[in-house]
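Coordinates in review
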Amino acid sequence: MRTGQQAFEYVYGTDYMTHTGWADGSPLREPVDLWMIDDTRSVAPFVVSCYDFGRFSKVVDVGGGSSPLVATILGAHPHLRGIVLDQADGIAHTPRILAEAGVTDRCEIRTGDFFVSVPPADVCVCKSVVFNWADDDRVLTIFRNCRRAVPREGRLLLVEQMLPSTVDGSIPADLYLDDVNSIVSLGGRFRTEPEYRALLAEAGFDLTVHAMPAAPAGYTLLEATPR
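Structural notes, computed from the coordinates.

Calculation rules
- Residues numbered from 1 in each chain as written.
- Predicted model: local features only at pLDDT ≥ 70, side-chain atom pairs only at ≥ 80, totals over all residues.
- Heavy atoms only, no water.
- Helix = DSSP H or I, 4+ residues; strand = E, 2+ residues; numbered from the N terminus.
- Buried < 20%, exposed > 50% of the residue type's maximum accessible area, 1.4 Å probe, protein only.
- Contact = heavy atoms within 4.5 Å.
- Areas by Shrake-Rupley, 256 points an atom, 1.4 Å probe, with all protein chains shown as cover.
- Salt bridge = Lys/Arg side-chain N within 4 Å of Asp/Glu carboxyl O.
- Pairing = 2+ DSSP bridges.
- Right-handed = clockwise from strand over helix to strand, strands pointing away.
- Phe/Tyr/Trp six-rings, centres within 6.5 Å; stacked < 30°, edge-to-face > 60°.
- Lys NZ or Arg CZ within 6 Å of the ring centre and 35° of its normal.

1. Digging into the overall build of the protein
From N to C terminus, the protein includes eight helices and seven strands. In terms of principal-axis extent, the alpha carbons of the protein reach across some 50 × 40 × 35 Å. Classification of the 227 residues of the protein by burial places 49% in the buried group. In the protein, 70% of the contacts between residues at least 6 apart in sequence involve partners at least 24 apart. Per element, the accessible surface of the protein, about 11,000 Å² overall, is 55% carbon and sulfur.

Okay, here's the thing in structure tokens:
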């Protein structure tokens, strides 16, 4: 609280991923990957049901990992083509997930760094990406790269667990604990609608919020329209 720095690094002298070995192919990686697949699969149908992807022709899943979100989107829209963008260590399960959804022939797996660039597409989707960084400058880099990737009529879609501006009982209390854990251990944090709106505006977007009734706790679809 005094410094604003990540507490885990202060105590252990290194970041959480390095300390646990998770980033180096440790036994922790497989169960975490499978949990992330299940979590995204629980949210993906709500994204597809509340948003019209029919007007687009190509979607890029930014930091999409094993690809369950884009696989669900492509499965619901046979005309769409997709790209999964992630680092090499994040896509171990991607070929299997795309094959199970029957969309392998319509989705390219591309290794890369979204802090450097994002492939051109009509719509960029980011699920549970932004919360990983408490540093607004890092988030702005992602948003600006997405802005360069989409045309004027394109969109950026964020699927994130968003906090209300004040504690009002609208989300389960454990989401606030998740937020604290992200700040203390992972160097990330959840954000509020005004915070997203300000960051997106700085990157050249206007924000529209789409509620996802009955979606897993706290998840919201944020639509960013290029200015």
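2. Examining the pattern of salt bridges
In this structure the tally under the stated criterion is twelve salt bridges. Here Glu 193 ties to Arg 197 by a salt bridge, and the two come within 2.6 Å at their closest N and O atoms. Separated by four residues within a single helix, Glu 193 and Arg 197 lie in helix 8 (residues 193-202), roughly one turn from each other. Judged by relative accessible area, Glu 193 falls into the partly exposed class, the value being 29%. With a closest N to O distance of 2.7 Å, Asp 206 and Arg 227 form a salt bridge. With a gap of 21 residues between them, Asp 206 in strand 6 (residues 205-210) and Arg 227 in the segment after strand 7 (219-226) connect regions that are remote in the sequence. Asp 206 gets classed as partly exposed once you look at its relative accessible area, which sits at 37%. Counted as one network, the salt bridges with shared partners bring together Asp 136, Arg 189, Arg 191 and Glu 195.

3. Some words on the side chain of Thr 40
Take Thr 40: it is sitting in helix 3 (residues 29-50). On the basis of relative accessible area, Thr 40 is assigned to the buried category, the value being 11%. Filtering out sequence-adjacent residues up to four positions away, Thr 40 remains in contact with Pro 68, Leu 69 and Lys 127.

4. Quick word on the pairing of strand 5 (residues 155-161)
Most of strand 5 is tucked away, with seven of its seven residues classed as buried. Every second residue of strand 5 is oriented toward a common face, with Arg 155, Leu 157, Val 159 and Gln 161 on one face and Leu 156, Leu 158 and Glu 160 on the other, all of them buried. Examined bridge by bridge, strand 4 (residues 123-127) and strand 5 share five bridges and lie parallel to one another. Bridging across to strand 5, Cys 124 finds its partner in Leu 156. Each parallel crossover has a hand, and the one from strand 4 via helix 6 (residues 136-149) to strand 5 is right-handed. Note that strand 5 and strand 7 share six bridges and pair antiparallel. Across the sheet, the residue bridging to Leu 156 is Ala 224, located in strand 7.

5. A few points about unusual backbone geometry
In this structure, Ser 67 takes a positive phi of about 80 degrees despite not being glycine. Within the element layout of this structure, Ser 67 appears in the loop between strand 1 (58-62) and helix 4 (68-76).

6. Details of the packing of aromatic side chains
Counted under the stated rule, the structure contains seven aromatic pairs. Relative to Phe 56, the ring of Tyr 51 has its centre 6.4 Å away and its plane inclined at 5 degrees; by these criteria the two rings are stacked. Note on accessibility: Tyr 51 and Phe 56 belong to one class, buried. An aromatic cluster is built from Tyr 51, Phe 53 and Phe 56, whose rings are joined through pairwise contacts. Just above the ring of Phe 115 sits the side chain of Arg 138; from NZ or CZ to the centre is 3.8 Å.

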